[in-house]
Amino acid sequence: MKILANQKIKLLFIEILLCMAVFSVAAIFLMCSSFVPAGLSVFLCALCMAFAILLFCYRYFYDQNQTIENAVAEITAYISGDPGARIPCSEEGELFRLFHEVNSLASILNAHAQKELEAKSFLKDTIADISHQLKTPLAALNIYNGILQSEAENPQEVAHFTTLSEQELDRIETLVQNLLKITKMDARTVIFEKRAENISQLMMRVQKHFAFRAQQENKEICLNGDSNATLLCDRDWMLEALDNLVKNALDHTKAGDWVHIAWKQSPAILQVRVEDNGCGIHPEDLYHIFKRFYRSKFSEDTQGVGLGLPLAKSIIEAHNGTIKVESELGAGTTFIIEFLIPTKL
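What you see is a predicted model; the values in this text were computed from it and never measured.

### Section: the overall build of the chain
Then, in step 1: From N to C terminus, the chain includes eight helices and seven strands.
Then, in step 2: Counting only residues that meet the buried cut, the chain has 33% of its 345 residues in that class.
Then, in step 3: Put simply, the chain shows about 22000 Å² of open surface, and 61% of that area lies on carbon and sulfur atoms.

In structure tokens:
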């Protein structure tokens with residue numbers, strides 16, 4: 001019986017049974033003797049037994065009342081702002097099971113409160129980062145606008161600063177677009193339309209996308225992989241992730257450098273490698289490059305906003321993939337992406 005799981009209730013029942021047995025034996029003994037009348041013997045034994053049972057019950061309920069009072073005190077302390085307040089529940093029984101559930105509820109509430117604080121802190125930091133990222137291009141646009149007004153009669157100066165203004169506007173647009181995309185990923189409102197896509201075709205699309213920039217900067221984008229390899233993915237989102245990785249590689253290479261994109265498929269895994277021979281990543285930055293708005297103090301890149309790599313990571317993980325980075329300072333960087341291929345049994 002569940003009720004007897006509580007040791008105190010079990011002890012109370014045992015005490016009552018022992019009390020009944022003892023006084024029953026005493027009553028029989030007294031009735032058998034000639035010293036006390038039988039009726040009086042039964043009455044006295046019943047009276048003593050009732051008094052003993054009441055004493056046992058009083059002690060039990062007093063103890064239960066103290067337990068509940070202590071529980072109420074802990075609950076009041078928790079409500080008053082003590083997140084560590086907990087009800088002792090080391091014993092067995094339904095009451096202590098209830099206390100355990102109350103403690104579990106308090107732990108869950110603490111976790112939610114902590115999560116809420118982290119979300120507020122993250123929102124505060126994100127707004128500060130966005131403000132910082134927008135401040136630079138907006139300040140530049142303000143300067144360019146003043147120069148354009150003063151150089152209105154000089155077509156060459158006007159054309160030059162108009163081009164610079166367009167670059168800053170593109171930077172703002174990129175920031176806003178990446179923020180919208182990564183916010184959708186966080187909110188889990190993105191519906192991926194996954195189809196079997198040919199990896200070779202995806203990579204040729206990436207190569208074509210950056211062909212003009214690579215030519216202008218005298219860099220080379222090379223492809224190497226199985227032409228029959230396929231991946232179940234959302235084409236547009238996967239291209240977004242690959243574009244960000246290749247853009248990052250181009251941002252950190254100089255004229256004459258190269259970017260290699262290689263892929264290979266095994267029965268269980270599809271691996272994609274985006275490798276460059278650029279400046280590499282400083283060891284202090286390796287564990288932070290996928291953080292949003294992270295900007296290395298060692299990086300010479302002044303155009304990035306620190307959202308490309310986090311967005312790429314989110315997209316890859318949403319496709320049940322993993323991404324890691326290997327880099328040697330001054331020798332280049334390799335991003336390694338792996339997708340598990342479901343096994344058909």
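### Concerning unusual backbone geometry
Then, in step 1: The residue Asn 218 is not glycine, and still its phi comes out positive at about 55°.
Then, in step 2: Considering the arrangement of structural elements, one finds Asn 218 in the loop between α6 (211-216) and β2 (220-225).
Then, in step 3: With a phi angle near 60°, Asn 320 is a residue other than glycine that sits in the positive phi range.
Then, in step 4: The residue Asn 320 is located in the loop between α8 (308-318) and β6 (321-328) in this model.
Then, in step 5: By relative accessible area, which is 60% here, Asn 320 ends up exposed.

### Observations concerning helix α5 (residues 199-209)
Then, in step 1: Looking only at α5, the buried set comprises Ile 199, Ser 200, Leu 202, Met 203 and Val 206. The buried residues of α5 all sit within an arc of 160° when viewed along its axis, so they share a single face.
Then, in step 2: Summarising the contacts, the buried residues of α5 are in contact with β1 (195-198), β2, β3 (230-233), α7 (235-251), β4 (258-265) and β5 (269-276).
Then, in step 3: Between the side-chain oxygen at the start of α5 and the backbone nitrogen of Ser 200 there is a gap of 3.0 Å, and the oxygen is on Asn 198.

### Notes on the packing of aromatic side chains
Then, in step 1: Within this structure, the stated rule accounts for four aromatic pairs.
Then, in step 2: Pairing Tyr 60 with Phe 61 gives two aromatic rings, centres 5.1 Å apart and planes at 70°, and the pair type is edge-to-face.
Then, in step 3: Tyr 60 sits in the buried class, given a relative accessible area of 12%.
Then, in step 4: Since its relative accessible area comes to 53%, Phe 61 is described here as exposed.
Then, in step 5: A ring pair is formed by Phe 290 and Phe 335, whose centres lie 6.2 Å apart and whose planes are at 75°; its orientation type is edge-to-face. Of this pair, Phe 290 sits in the loop between β5 and α8 while Phe 335 sits in strand β7 (residues 332-340), and the two are 45 residues apart along the sequence. Phe 335 shares its class with Phe 290; the two are buried.

### Quick look at the packing of α5 against α7
To describe two helices that pack against each other, one gives the angle between their axes and the distance between the axes.
Then, in step 1: Relative to each other, α5 and α7 sit at 50°, their axes nearing to 10 Å. One finds that α5 runs oblique with respect to α7. The hand of the α5/α7 crossing is right-handed. Note on element contacts: α7 touches α5 through Arg 235, Met 238, Leu 239, Leu 242, Asp 243 and Val 246, opposite Leu 202, Met 203, Arg 205, Val 206 and His 209.
Then, in step 2: When its residues are assigned to classes, the contact of α5 with α7 shows seven nonpolar, one polar and three charged.

### Things to note about the nonpolar core
Then, in step 1: In this structure, Ile 199, Ile 221, Leu 245, Val 246, Ile 261, Phe 335 and Ile 337 are the most contacted members of the largest nonpolar core, which totals 45 residues.
Then, in step 2: At nine residues, the largest contribution of residues to this core is made by α7.
Then, in step 3: Residues within four places of Leu 245 in sequence aside, it is in contact with Val 274, Leu 309, Ala 312, Ile 323, Phe 335 and Ile 337.
Then, in step 4: Counting eight residues, the second largest nonpolar core, distinct from the first, contains Leu 12, Cys 19, Ala 52 and Ile 53.

### Some thoughts on the pattern of salt bridges
Pairing between side chains becomes possible if they bear opposite charge and their charged atoms approach one another.
Then, in step 1: Applying the stated criterion across every chain yields a total of nine salt bridges.
Then, in step 2: Arg 235 is paired through a salt bridge with Glu 197; the nearest N and O atoms lie 3.6 Å apart. With Arg 235 in helix α7 and Glu 197 in strand β1, this pair connects stretches of sequence that are 38 residues apart.
Then, in step 3: A relative accessible area of 14% means that Glu 197 is categorised as buried.
Then, in step 4: In this structure, Asp 251 and Lys 247 form a salt bridge, with 2.9 Å as the shortest nitrogen-oxygen distance. Placement of the pair is Asp 251 and Lys 247 together in helix α7, with a separation of four residues, close to one helical turn.

Definitions and cut-offs
Sequence order sets the numbering: in each chain, residues are counted from 1 along the sequence as written. Under the rules for a predicted model, residues below a pLDDT of 70 receive no local features and side-chain atom pairs below 80 are neither given nor counted, while totals for whole chains, interfaces and linings still include all residues. For side-chain calculations, the full set of non-hydrogen atoms in the structure is used, while hydrogens and water are omitted. By definition, any uninterrupted DSSP run of H or I lasting at least four residues is a helix, any uninterrupted run of E lasting at least two residues is a strand, and each is numbered from the N terminus. Any residue under 20% of the maximum accessible area for its type is buried, any over 50% is exposed, and the rest in between are partly exposed; the area is computed with a 1.4 Å probe on protein chains only. All accessible areas in this document rest on Shrake-Rupley with a 1.4 Å probe, and a residue is counted as covered only by the protein chains that are shown. When we speak of the arc, we mean the arc of directions from the helix axis to the C-beta atoms. The contact rule is simple, with two residues in contact once any of their heavy atoms fall within 4.5 Å. Polar contact is the term for a pair of N or O atoms within 3.5 Å; when the atoms are in protein, one must be able to donate a hydrogen and the other to accept it, and sequence-neighboring residues count only if both atoms are side-chain atoms. In summary, the pairing rule links any two rings of Phe, Tyr or Trp, Trp by its six-membered ring, whose centres are within 6.5 Å, and it sorts them by plane angle into stacked for under 30 degrees, edge-to-face for over 60 and tilted for everything else. Every axis in this analysis is a line fitted to C-alpha atoms, fitted for helices over the stretch in contact. Angles between the N-to-C directions lie between 0 and 180 degrees. Comment on the angle field: the value is read as roughly parallel under 35 degrees, roughly antiparallel over 145, roughly perpendicular from 65 to 115, and oblique elsewhere. The hand of a helix crossing depends on one turn: near helix anticlockwise from the far one by less than a right angle means left-handed, and clockwise means right-handed. For this scheme, ten residues count as nonpolar: Ala, Val, Leu, Ile, Met, Phe, Trp, Tyr, Cys and Pro. Four count as charged, namely Asp, Glu, Lys and Arg, and the remainder, Gly too, count as polar. What we call a nonpolar core is a set of buried Ala, Val, Leu, Ile, Met, Phe, Trp, Tyr and Cys residues that are connected through their side-chain atoms within 4.5 Å. Any carboxyl oxygen of Asp or Glu within 4 Å of a side-chain nitrogen of Lys or Arg constitutes a salt bridge here.

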